[in-house]
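Examining the three-dimensional arrangement
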Amino acid sequence: MSHAISSDAILEIGQSFWKAKALLSAVELDLFTVLAREGPLEIDAICRRVGLHDRGARDFLDSLVALALLQRDELHRYANTIETDLFLDRDKPTYSGGFLEMCNERLYPAWSGLTAALQTGLSVHEEDRESGDFYQRLYSNRTSREVFLGGMTGGVRAVARAIAAQFAWREHRSVVDVGCAEGCLLVEIAQAHPHIQGRGFDLAPVAPSFDRFVTANAVGDRVTFQAGDFRVDPVPAADVIVFGRVLHNWNLATKRQLLARAWAALPPGGRVVVYERLIDDERRTNATALLASLNMLVVTPEGFDFTGGECSQWMRDAGFRETRVEPLVASHGMVIGTK
Ligand SMILES: C[S@@+](CC[C@H](N)C(=O)[O-])C[C@H]1O[C@@H](n2cnc3c(N)ncnc32)[C@H](O)[C@@H]1O
């Protein structure tokens, strides 16, 4: 069965990069933070503050009004909406713009190589092919490392909150988040469940960003970092082991190997949690998850996304006796396996 779609809707999909780039440029120019600090502002003041030429300024700002990302009052002054003030002002702890900064810097340019990636099966980053891993390149430079890790926090915050609320944390005492980035998930769990001890396991260059984030969120006494390479080192032991948007970076053999390492590190009754933008089992409806898998084609040497059913099967093959799939938020879902 196919969905009906009008010709307008087809053209709208084709030009949806207009909307995307208007938002990404607004974040790049720090427009929302400036308006949070100083708004409402008239157009001339905005041009001076964020460095806009007057030719495009009015259309740019009014486009953002039409997209419900800004509001304009009867005195022609622009201000954030309640939502953009909350999520796109970098001075607030709720800032999620890091994800958009990463989209602007890394993914938007990379996606111009989609056609070639589809034809060759190769990511746009030729330089990663030998190492099989883009993290070495990404983390060799402080700016790209921080943009990436901030992007992970921005993209995961709502999902982390849902996992902290939904999972049966009262049945467990400790959690290891494998590939934890800045530790957003562990912070949300630790804040909601004071009995939980958390450990982040990630590559050594991630440590300073993790420490900064966890300290700023006041859970440093219960959330610690362990540096390691999960392709070589064992996964640290805990009651619950989480892989969040980690398995999708890798080929099938590595996905299975990581689940096997989690099984080895868990006690009987322990749980593995995989959260991702899970593709629906019919592969028909979760367009964001399907496109996320194409994103893996474009930016990783061998990664791909998967359905809840596929992940459940890999867990059972690794020895987990019971699995279940639960929806989360923002096109994400989690697969839980019990040892
Ligand atoms: C796509 S990010 C996901 C981050 C976070 N879990 C989330 O959902 O936002 C993958 C994470 O895996 C980490 N990672 C990649 N290769 C690794 C390795 N070989 N050993 C340990 N961590 C690794 C990266 O540093 C990064 O933090």
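Cut-offs used in this document
- In every chain, residue numbers begin from 1 and rise along the written sequence.
- Restriction of local features to residues with pLDDT of at least 70 applies here, the model being predicted, together with a cutoff of 80 or more for giving and counting side-chain atom pairs; totals for whole chains, interfaces and linings are based on all residues.
- Values shown for side chains rest on all heavy atoms present in the structure; no hydrogens or waters enter the calculation.
- The split of the chain into domains comes from an automatic or database domain assignment.
- Two residues qualify as a contact provided that any one of their heavy atoms is within 4.5 Å of a heavy atom in the partner residue.
- In this description, buried area is defined as the sum, over both parts, of the accessible area (probe of 1.4 Å) that is lost when the two are combined.
- In the analysis that follows, any N or O atom pair within 3.5 Å is treated as a polar contact, provided that within protein one partner can donate a hydrogen and the other can accept it, and provided that, for residues neighboring in sequence, both atoms belong to side chains.
- Residue classes follow a fixed rule: Ala, Val, Leu, Ile, Met, Phe, Trp, Tyr, Cys and Pro count as nonpolar, while Asp, Glu, Lys and Arg count as charged, and any other residue, Gly among them, counts as polar.
- At least two bridges found by DSSP between two strands are what make those strands a pair.
- Numbering of helices and strands starts at the N terminus; helices are DSSP runs of H or I of at least 4 residues and strands are runs of E of at least 2.
- Fitted lines through C-alpha atoms give the axes, limited to the stretch in contact for helices. The angle between two N-to-C directions lies from 0 to 180 degrees.
- Note on classification: 1.4 Å probe, protein chains only; a residue is buried when its accessible area is under 20% of the maximum for its type, exposed when over 50%, partly exposed between these limits.
- Only Phe, Tyr and Trp rings take part, Trp by its six-membered ring, and two of them pair if their centres are within 6.5 Å. Stacked means planes under 30 degrees apart, edge-to-face means over 60, and tilted covers everything else.
- Geometrically, a charge over a ring is one whose NZ (Lys) or CZ (Arg) sits within 6 Å of the ring centre while staying within 35 degrees of the ring normal.

Another point: the domain arrangement of the protein chain. By domain assignment, the protein chain separates into domain 1 (8-87) and domain 2 (97-338). Taking the mean C-alpha position of each, domain 1 and domain 2 sit 32 Å from one another. At the interface, seven residues of domain 1 touch six residues of domain 2. In total, about 600 Å² of surface goes out of reach between domain 1 and domain 2, with carbon and sulfur atoms giving 70% of it. Contact with domain 2 buries area across many residues of domain 1, yet Lys21, Leu24 and Val27 alone supply 66% of it, more than any other trio. The interface formed by domain 1 and domain 2 holds two residue pairs in polar contact (both at pLDDT 80 or more) in total. Tallied by class, the residues present in the side of domain 1 that touches domain 2 amount to five nonpolar, no polar and two charged.

This brings us to the sheet that holds strand β1 (residues 41-42). The strand order across the open sheet built from three strands is β1-β3-β2, with neighbouring strands paired in antiparallel fashion. Only two strands of the sheet have a single partner each, and these edge strands are β1 and β2 (70-72). Against the sheet, helix α3 (residues 31-38) contacts β1, β2 and β3 (77-80), and its axis sits at roughly 105° relative to β3.

By the secondary structure assignment, Gly308 is in helix α15 (residues 308-318). Overall, the relative accessible area of 5% leaves Gly308 in the buried class. With 31 residues separating them in the primary sequence, Gly308 and Arg277 have C-alpha atoms 9.5 Å apart. Sequence-distant contacts of Gly308, defined by excluding residues within four places in its chain, comprise Leu278, Ile279, Asp281, Val325 and Val335.

Further remarks concern the packing of aromatic side chains. In total, this model carries eight aromatic pairs according to the counting rule given. An aromatic cluster is built from Tyr135, Tyr139 and Phe148, whose rings are joined through pairwise contacts. Here Lys255 stacks its cationic end above the ring of Phe304, 3.6 Å away from the centre of that ring. Its guanidinium or amino end placed over the ring of Trp263, Lys339 lies 4.0 Å from that ring's centre, counting from NZ or CZ.

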